[in-house]
Structures are given as C-alpha cells and as structure tokens.
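Residue-level listing of the chains:
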Amino acid sequence: MALWGGRFTQAADKRFKDFNDSLRFDYRLAEQDIEGSIGWSKALVTVGILTKAEQQQLEVALNALLVEVRSNPLGILQDDAEDIHSWVESKLINKIGNLGKKLHTGRSRNDQVALDIKMWCKQRVTELQHTIRRLQVKLVETAENNQDAVMPGYTHLQRAQPISFAHWCMAYVEMLDRDYSRLSDAYRRMNTCPLGSGALAGTAYPIDREQLAKDLDFSMATRNSLDSVSDRDHIIELLSTASLSMAHLSRFAEDMIIFNSGEADFVELSDRVTSGSSLMPQKKNPDACELIRGKAGRVMGALTGMLVTLKALPLAYNKDMQEDKEGIFDALDTWQDCVEMASFVLDDIKVNVERTKEAALKGYSNATELADYLVSKGVPFRDSHHIVGETVVYAIKVHKGLEDLTIDEFRQFSDVVNEDVYEILSLQSCLDKRCAKGGVSPLRVAEAIAEAKVRFL
Ligand code: ARG
C-alpha cells in the first residue's frame, strides 16, 4: 500500500503506478535514506516524539537494514514500493512494527529526497576527485617518459610550432586541475543540510537543525525551507562540471584519434584499448577514445535536460524534480568511466618518436624562428614576418625545408642572413627558446612535471 493511501478510495492504475514510481532508479539512494533516517530519529528524541530507548531500537533496525542493502543493493528492485523512501519505511515497519511508523513525524519526502540526493552527490564528488587525480598522475608519468618526443604543435590543425609530447600531456593536467577545483567549489556550496524543511514550510517541531546538519556531516543547515526543497542547483553544478570535463576528455580523445591515425602515426594505442573490424582485417580502431568523445554528448544532454526541467517550475516541490535522478546518476557514472578509460588508454601507449620528429621538421614549423632571427638582426617584426612568408613560398616551390636553404637562397629575401641562421632553425633551438613560464622548453617542461609531482604525490 502507498504511504498516502488514506485519502484515496481507488487504487492507482497500474499504468500510472509504473509511470510514477521511482524505485527502479532511486534505489541507489538507499544508504543515504537510511543514514538520513537515523539522523532524523535522533532529532525526534530532542523534541519528545521518541524516547531514547525507541530511538535506539529504530537505529538498530535501520543499521540492520543498511547491512542488508550493502550486501545486496539490487535486491531492493524486487519490491513494488513507490520510491526508496517508502521502501525504507515499509522495511522498517516490517522489522519493528508500529514504532517504525513514528519515524516520519515532522518529515516529508520532499526534504528527505533533497537530503538523500545531496548526500549522494557529496560522496560522488569525493570519488570523482580521486579518479581525476589518478588520471592527472598518469598524465604526469606519461609526460615524464616522453620528454624527448618532439612533435608538431598545431593551430587550425596546421603544423604551427614544435612542441613535445610531454608538453601536450601537461596541458591536460591543467584542464583536469580546473575540473577538480570546480568539484571542490560545488561541494562547498552543496554542503548544507535541507532536512527539517518539511514539505515546504519547515517542520512543525522545534528541531535544532544546525545540530541535525552536524550529525549528518554537513557544514550547516539550509536557511530557507521553500528553497531547501526546490533547490537542485547542486545537481546542475555537477552536471555542468561533468559536461565541461567531458569536453576536456573529448578533446583528449580527439587528439589521440588524430595522433593514432594512419596519416599521423604519432602514437600506437595498445591492443587492450582498440578493436578490430569484422570485415577489414588490417584495422585497429581507437574505440576507447571514440567512445569517450561520443559519451560527452550524453553528459551534456543530461545538463540541458535538467536545466529545461527546472526552468519555470513554480516553488516549491513538483514531481518534475524526480527527473533529476536518472540524468545525474548516468552522467556521473559516465564521466567517472571516461576518466578511468582515459588513464587506461595512456597505460601502454607508444609514442613513435621518429615519426613525430619527422613531422615536426616538416611544415615550416620553424618559420617563427627565422622571423625572430631577422628581428635579432634589426629587422622590424612586421617586415620580417613578410620576408619569411616569401621565403616559405620559395622553399615550398623548391621542395626544401627552411633549414635546407643555402645562404644565397636566404639572401634573395634578406641580406642580413648569415651562417648562424642554421643553429636557430634547429628543432632543439625552437624548443629551448620558449623558456618563459609555461613554455615548451625542455627545462620548463621538466620543472612543470616536477612541480606537478610534488602537488599530486
Ligand atoms: N520520488 C520522489 C522524488 O524523487 C520523492 C519525493 C516525493 N514527494 C512527493 N511530494 N510526492 O522526487
């Protein structure tokens, strides 16, 4: 029987019940619901609804239920309860009879669900942060092992200037750092306890909500009951953080797919994270990376879905809000899987240093060096840019790299060029010169790696 059966003379239609029930997904909130209920039972003692002995009895029964739930969470799905809150209450009543019926005094499923989902989100934030750190550590290790791998850096997907594979890895460490810190920010804001807000207007019992918040491991109680039961900001913030992080992971995946392509051949992904074609025997497809890229769409869809669901909802609780759960569960599961898979992709990746170097040497990625060289000889940069442009056109025509041109060839475009130009056109010099903070010089990259290791290890 539903919790609210008294006012009804007819049972709900099965089709409506199937449509309305949320147990098939909110069963994942069982632990939070039980822990929240233990907290609430303690609060009920302070306002004289339960005796200490009754509270003890409830707590023992709730803890027994917690053990059952932990050992078999999917067992909950066998039941036909409307939602996880009804399920916990009915199980409690099965265990200890009438005393179980006192637990819901002064509480509503509206503040209960708001509490449960916040507790769940808090726990997930901590897990996600650990997972992100592990990927960062893996990226730093990969950078450390690939400091000598010079490759072209791109803008507009055109070879632009030489970089190292290590520098590329460290770029993703930075993006993930911001994702990590966004999680910390979101955590701080979601760390307020809504329990004791009742259905919408506050509980009718003079409960010390700050004490209750403390008991449930929150930093403080929420300040407004209407807001407490209507607020799903924490879900949206997490979905937004997840979406942005998935954008980062998707760019990582896309870079990898390009690096792994037959055209680039910069890296070889391991057999453990690639798959074959059923028809074309030669193929080794980067499915892990393609799925990371593809799953980004699904997480971003969950964010959009939730924003649209909440937009224009009148205060306070509306059943629309039940739609928060499947999106956040799926998005955070997907995000966590993708962060883990990205680590796995890096696990035994092979960088083809011959190929990356060959590519870095092609494409005139040392053209900026030549422009800077002319500047060092007194040519204003705007003029030197133009001169180098003409020189590149010529070099393309004669199928030579800039470093292969003779002094006489250079001098067709500028008479300040001397023998010392060859040194500055080398890949090593291109890298070494970029030694300001954040640049690609091997020294700076080594420093960045060392600094990250101190931070993460
Ligand atoms: N299953 C509901 C949800 O997830 C719980 C709250 C129900 N509240 C209500 N007034 N019907 O939102």
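- You'll find the protein chain entered in an unreviewed UniProt entry as Argininosuccinate lyase, with Bisgaardia hudsonensis given as the organism.
- Looking at the Pathway (unreviewed entry) heading of the UniProt record, one finds this comment for the protein chain: "Amino-acid biosynthesis; L-arginine biosynthesis; L-arginine from L-ornithine and carbamoyl phosphate: step 3/3."
- The UniProt entry for the protein chain carries the following comment under Subcellular location (unreviewed entry): "Cytoplasm".

Notes on the overall build of the protein chain
Stage number 1. In terms of regular secondary structure, the protein chain is built from 19 helices and 6 strands.
Stage number 2. The C-alpha atoms of the protein chain give 30 Å as radius of gyration, which overshoots the globular expectation for 457 residues (23 Å, by more than 25%).
Stage number 3. Along the first, second and third principal axes, the C-alpha set of the protein chain runs to 100 × 50 × 40 Å.
Stage number 4. Taking all contacts inside the protein chain whose residues are at least 6 apart in sequence as the whole, residues at least 24 apart take part in 75%.
Stage number 5. Carbon and sulfur atoms make up 53% of the accessible area of the protein chain, which totals about 22500 Å².
Stage number 6. Placing the 55 positive and 68 negative side-chain charges of the protein chain at their respective mean positions leaves the two points 4 Å apart.

Some remarks on the packing of helix α4 (residues 52–71) against helix α5 (residues 84–96)
Stage number 1. Between α4 and α5, the shortest axis-to-axis distance is 10 Å and the interhelical angle comes to 120 degrees. Regarding α4 and α5, the two cross each other, and that crossing is right-handed. Facing Gln-57, Leu-58, Ala-61, Leu-62, Ala-64, Leu-65, Glu-68 and Val-69 of α4, the residues of α5 in contact are Trp-87, Val-88, Lys-91, Leu-92, Lys-95 and Ile-96.
Stage number 2. Residues belonging to the contact of α4 with α5 are distributed by class as follows: 10 nonpolar, 1 polar and 3 charged.

Quick notes on the packing of helix α10 (residues 233–260) against helix α12 (residues 324–347)
Stage number 1. Interaxial distance between α10 and α12 falls to 10 Å at its minimum, and their mutual angle equals 30 degrees. Taken together, the axes of α10 and α12 are roughly parallel relative to one another. In terms of crossing hand, the pair formed by α10 and α12 is left-handed. Contacts between α10 and α12 involve Ile-235, Leu-238, Leu-239, Thr-241, Ala-242, Ser-245, Met-246, Leu-249, Phe-252 and Met-256 from the first element and Asp-324, Gly-327, Ile-328, Ala-331, Leu-332, Trp-335, Cys-338, Val-339, Ala-342 and Leu-346 from the second.

Looking at the pattern of salt bridges
Stage number 1. Counted by the stated rule, this structure contains 37 salt bridges.
Stage number 2. The residue Arg-109 makes a salt bridge to Glu-82 at a minimum N-O spacing of 3.1 Å. With Arg-109 in helix α6 (residues 109–145) and Glu-82 in the loop between α4 and α5, this residue pair connects regions lying 27 residues apart in the sequence.
Stage number 3. With a relative accessible area of 21%, Arg-109 lands in the partly exposed category.
Stage number 4. The exposure class of Glu-82 is buried, given its relative accessible area of 9%.
Stage number 5. Between Asp-420 and Lys-377 there is a salt bridge; the shortest N-O distance is 2.9 Å. One end of the pair, Asp-420, is in the loop between α16 (407–411) and α17 (421–424); the other, Lys-377, is in the loop between α14 (367–376) and α15 (381–397), and 43 residues separate them in sequence.

Observations concerning the side chain of Gln-129
Stage number 1. Note that Gln-129 resides in helix α6.
Stage number 2. Residue classification places Gln-129 among the buried residues on the basis of a relative accessible area of 12%.
Stage number 3. Beyond its immediate stretch of four places on either side in the chain, Gln-129 contacts Tyr-180, Leu-183 and Ser-184.

Remarks on the environment of His-167
Stage number 1. As for its position among the elements, His-167 is in helix α7 (residues 165–190).
Stage number 2. For His-167, the residues in contact, after removing those within four places along its chain, are Gly-438, Gly-439, Val-440 and Val-445.

What to know about the UniProt feature "domain: Fumarate lyase N-terminal" (unreviewed entry) in the protein chain
Stage number 1. The UniProt feature table records "domain: Fumarate lyase N-terminal" (unreviewed entry) at residues 6–301.
Stage number 2. The span residues 6–301 carries 61% helix and 6% strand; its end-to-end C-alpha distance comes to 40 Å.

Some words on the packing of aromatic side chains
One pair of aromatic rings is described through two measures. These are the centre distance and the angle between the planes.
Stage number 1. Evaluation of the coordinates by the stated rule reveals 10 aromatic pairs.
Stage number 2. With a centroid separation of 5.8 Å and an interplanar angle of 40 degrees, the aromatic rings of Phe-259 and Phe-266 are classed as tilted. Side by side, Phe-259 and Phe-266 carry an identical accessibility label, which is buried.
Stage number 3. Taken together, the aromatic side chains of Phe-165, Trp-168, Tyr-172, Phe-252, Phe-259 and Phe-266 make up a single cluster linked through ring pairs.
Stage number 4. The ring of Phe-329 has Arg-28 sitting right over it, with the charged end atom 4.8 Å from the ring centre.
Stage number 5. Positioned over the ring face of Phe-218 is Lys-122, at 3.9 Å from the centre of the ring.

Considerations on the site of the ligand
Stage number 1. As a matter of local geometry, the ligand sits amid Ser-22, Asp-26, Asp-83, His-85, Arg-109, Asn-110, Val-113, Tyr-317, Gln-322 and Lys-325.
Stage number 2. Here an oxygen atom of the ligand and a side-chain polar atom of Tyr-317 are 2.4 Å apart.
Stage number 3. With respect to the ligand, the side chain of Gln-322 contributes an N or O atom lying 2.8 Å from a nitrogen atom.
Stage number 4. When isolated, the ligand has an accessible area of 340 Å², and the protein chains bury 86% of it.
Stage number 5. For the shell around the ligand, the residue count by class is 2 nonpolar, 4 polar and 4 charged.

Considering the nonpolar core
Stage number 1. Of all hydrophobic cores here, the largest spans 109 residues; its most connected members are Phe-165, Trp-168, Leu-249, Met-256 and Trp-335.
Stage number 2. Apart from the residues lying within four places of it in its own chain, the contact partners of Trp-335 are Leu-128, Ile-132, Leu-183, Thr-241, Ala-242, Ser-245, Met-246 and Leu-249.
Stage number 3. Counting 20 residues, the second-largest nonpolar core is a separate cluster that includes Val-388, Ala-395, Val-417 and Leu-425.

Examining the pairing of strand β1 (residues 150–155)
Stage number 1. Where β1 lies against strand β2 (residues 158–164), 6 bridges are found, and the strand directions are antiparallel. Note that in β2 the partner of Thr-155 across the bridge is Gln-158.
Stage number 2. Hairpin connection of β1 to β2: 2 residues between the antiparallel strands, including His-156 at a positive phi of 55 degrees.

Thresholds, definitions, all that
Residues numbered from 1 in each chain as written. Predicted model: local features only at pLDDT ≥ 70, side-chain atom pairs only at ≥ 80, totals over all residues. Heavy atoms only, no water. UniProt positions renumbered as here; feature names shortened; annotations may be inferred. Helix = DSSP H or I, 4+ residues; strand = E, 2+ residues; numbered from the N terminus. Rg over C-alpha atoms; globule rule 2.2 N^0.38 Å. Contact = heavy atoms within 4.5 Å. Areas by Shrake-Rupley, 256 points an atom, 1.4 Å probe, with all protein chains shown as cover. Lys, Arg positive; Asp, Glu negative; His and termini not counted. Charge placed at Lys NZ, Arg CZ, Asp CG, Glu CD. Axes fitted to C-alpha atoms, helices over the stretch in contact; angles between N-to-C directions. Left-handed = near helix turned anticlockwise from the far one by under 90°. Nonpolar A, V, L, I, M, F, W, Y, C, P; charged D, E, K, R; others polar. Parallel < 35°, antiparallel > 145°, perpendicular 65-115°, else oblique. Salt bridge = Lys/Arg side-chain N within 4 Å of Asp/Glu carboxyl O. Buried < 20%, exposed > 50% of the residue type's maximum accessible area, 1.4 Å probe, protein only. Phe/Tyr/Trp six-rings, centres within 6.5 Å; stacked < 30°, edge-to-face > 60°. Lys NZ or Arg CZ within 6 Å of the ring centre and 35° of its normal. Near = heavy atom within 4 Å. Polar contact = N/O pair within 3.5 Å; in protein donor to acceptor, adjacent residues only side chain to side chain. Core = buried A, V, L, I, M, F, W, Y, C linked by side-chain atoms within 4.5 Å. Pairing = 2+ DSSP bridges.

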